[in-house]
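Each chain is listed here by its residues.
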Amino acid sequence: MIHVLVTGSKGQLGLELASLKSNFLNYNFFFTDKSQLNITNFKAVSTFILKNKIEVLINCAAYTNVDKAEDEPDLANEINHLAVKNLAEITKKHQLKLIHISTDYVFDGNSSIPYTENESTNPQNVYGITKLNGEKALLKVNPPNAVIIRTAWLYSSFGKNFVKTILKLSAEKESISVVSDQIGSPTYANDLAKTILQMLPLIKSNRVQIYHYANAGKCSWFQFAKEIVKLSKNKCEVMSVSSSTFNSKAKRPNFSLLNTTKIQQEFTIKIPQWKEALAVCMKQIRTKTTNED
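Definitions and cut-offs
- Residues numbered from 1 in each chain as written.
- Predicted model: local features only at pLDDT ≥ 70, side-chain atom pairs only at ≥ 80, totals over all residues.
- Heavy atoms only, no water.
- Helix = DSSP H or I, 4+ residues; strand = E, 2+ residues; numbered from the N terminus.
- Expected span 1.5 Å × (residues − 1).
- Buried < 20%, exposed > 50% of the residue type's maximum accessible area, 1.4 Å probe, protein only.
- Contact = heavy atoms within 4.5 Å.
- Pairing = 2+ DSSP bridges.
- Axes fitted to C-alpha atoms, helices over the stretch in contact; angles between N-to-C directions.
- Salt bridge = Lys/Arg side-chain N within 4 Å of Asp/Glu carboxyl O.
- Arc of directions from axis to C-beta.
- Parallel < 35°, antiparallel > 145°, perpendicular 65-115°, else oblique.
- Left-handed = near helix turned anticlockwise from the far one by under 90°.
- Nonpolar A, V, L, I, M, F, W, Y, C, P; charged D, E, K, R; others polar.
- Phe/Tyr/Trp six-rings, centres within 6.5 Å; stacked < 30°, edge-to-face > 60°.
- Lys NZ or Arg CZ within 6 Å of the ring centre and 35° of its normal.

Engineer: Please clarify how helix α5 (residues 126-141) should be interpreted in this entry.
Structural biologist: Residues that lie three or four places apart on an α-helix share one face, since the helix turns once every 3.6 residues. Relative to the 22 Å expected for 16 residues at 1.5 Å per residue, α5 spans 23 Å between its end C-alpha atoms, a close match to the ideal helical length. For α5, the complete set of buried residues consists of V126, Y127, G128, T130, K131, L132, G134, E135, A137, L138 and V141. Residues of α5 that are buried in the fold lie against α3 (66-69), α4 (73-94), β4 (97-103), β5 (146-151) and β10 (209-212). A positive phi of about 55° marks N142, the residue just after α5.

This is the structure in structure tokens:
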């Protein structure tokens, strides 16, 4: 039985990992959020690890409100950077495996081909800068058997996300406007969670490894929204607009498609196409809604 600590357990990815625990009976999970375990506190985390004989740490904790981070850079830095440095030092000291989740926002979006793991980083907003600083701290401490997984456009049947927002708006309105000049690939958090749990026993490296994971294919937010509305059968027109129409506080990358070849080859993983993944997630959302009714 492998003892696994999941931090940030109330977020989309943490909740998806919890939903899969009955499929992975060789793992004994400990799910914590900030109210149960402060990951910026070295002593508290070390005590928890020793008490519960933790062997693997999956860090899903993050400050993810991209626009709000512009107003709260210190808080974003504490969670996305300083806490990660803390976890890196703890996992090195206690010889744990570590999986840390990062983001496509470490890139500037000026590429026209999918970003590989060794591409130059150049974040354009506070969120991206703090996430990159977390990566750098982890790479500097360099605990063995540690992995950084950059992902993008995460959504789930849990929590708040783009899919649920579009479902709600398209049920209430005759038309909605969505940006069409930002390209990436949506990622169903359940697919990423499965991949993480399948990877765990195979992680073996004397230095930190970086991998990219997103569902296959590419789209704009506009195309993503159109597919959501189509699957929902809501009678709502989705209209294309440029990102300059929205006065967002934070600048977002125009192109943040991730090249996922490395993770697929090294761990023999098949990544579902984004439209297929979306259909599965929306079926889950419908089931939950029906059960709640």
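Next comes the rest of the description.
Engineer: Sorry, what's going on with the sheet that holds β10 here?
Structural biologist: Strands pair in a sheet through their backbones, by hydrogen bonds, and they do so in one of two ways: parallel or antiparallel. Ordered in space as β2-β1-β3-β4-β5-β10, the six strands form an open sheet in which the pairing is parallel. Because the sheet does not close on itself, it has two edges, and the strands there are β2 (27-32) and β10. Taken pair by pair, the neighbouring strands of this sheet meet at an average axis angle of 20°, ignoring direction. Strand contacts of helix α2 (residues 42-52): β1 (2-7), β2 and β3 (56-59), with the helix running at about 155° to β2, the strand carrying the most contacts. Contacts between α5 and the sheet are confined to β4, β5 and β10, with β4 contributing the most and set at about 155° to the helix.

Engineer: Honestly, the pattern of salt bridges in this entry has me stumped. Any pointers?
Structural biologist: This model, assessed by the stated rule, comprises eight salt bridges. Across the salt bridge formed by D71 and K249, the nearest N and O atoms sit 2.6 Å from each other. Placement of the pair is D71 in the loop between α3 and α4 and K249 in the loop between β12 (237-241) and α9 (261-267), with a sequence separation of 178 residues. The exposed category is assigned to K249, whose relative accessible area is 54%. Connected through shared salt-bridge partners, E227, K230 and K275 make up one network.

Engineer: Looking at this structure, how should I read α2?
Structural biologist: Regarding α2, the residues found buried are V45, S46, F48, I49 and N52. End-on, the buried residues of α2 take up no more than an arc of 160°, which puts them together on one face. Set apart from the buried face of α2 by more than 90 degrees, the exposed residues are K43, L50 and K51. As for α2, its buried residues are in contact with β1, β2, β3 and α4.

Engineer: Would you mind going over the packing of helix α6 (residues 162-172) against helix α8 (residues 221-232) with me for this structure?
Structural biologist: Two numbers describe a pair of packed helices, the interaxial angle and the distance between the axes. Contact geometry for α6 and α8: axes closest at 10 Å, N-to-C directions at 60°. Compared by their axis directions, α6 and α8 come out oblique. Considering the relative orientation of α6 and α8, their crossing is right-handed. Contact residues: F162, V163, I166, L167 and S170 in α6; W221, F224, A225, I228, V229 and S232 in α8. The residue inventory of the contact of α6 with α8, partitioned by class, reads nine nonpolar, two polar and no charged.

Engineer: How should I be thinking about the packing of aromatic side chains in this particular structure?
Structural biologist: The geometry of two aromatic rings is summed up by the distance between their centres and the angle between their planes. Under the criterion given, the structure shown has 15 aromatic pairs. Here W153 and W221 contribute two aromatic rings whose centre-to-centre distance is 3.7 Å and whose plane-to-plane angle is 15°, an arrangement assigned as stacked. Residue W153 is located in the loop between β5 and β6 (154-155), and its partner W221 is located in helix α8; the two are separated by 68 residues in the primary sequence. The exposure class of W153 is buried, given its relative accessible area of 8%. A network of ring pairs unites the aromatic residues W153, Y155, F162, Y188, W221, F224 and W274 as a single cluster. Positioned over the ring face of Y211 is K262, at 4.7 Å from the centre of the ring. If you follow K288 out to its NZ or CZ, it ends over the ring of F158, 3.3 Å from the centre.

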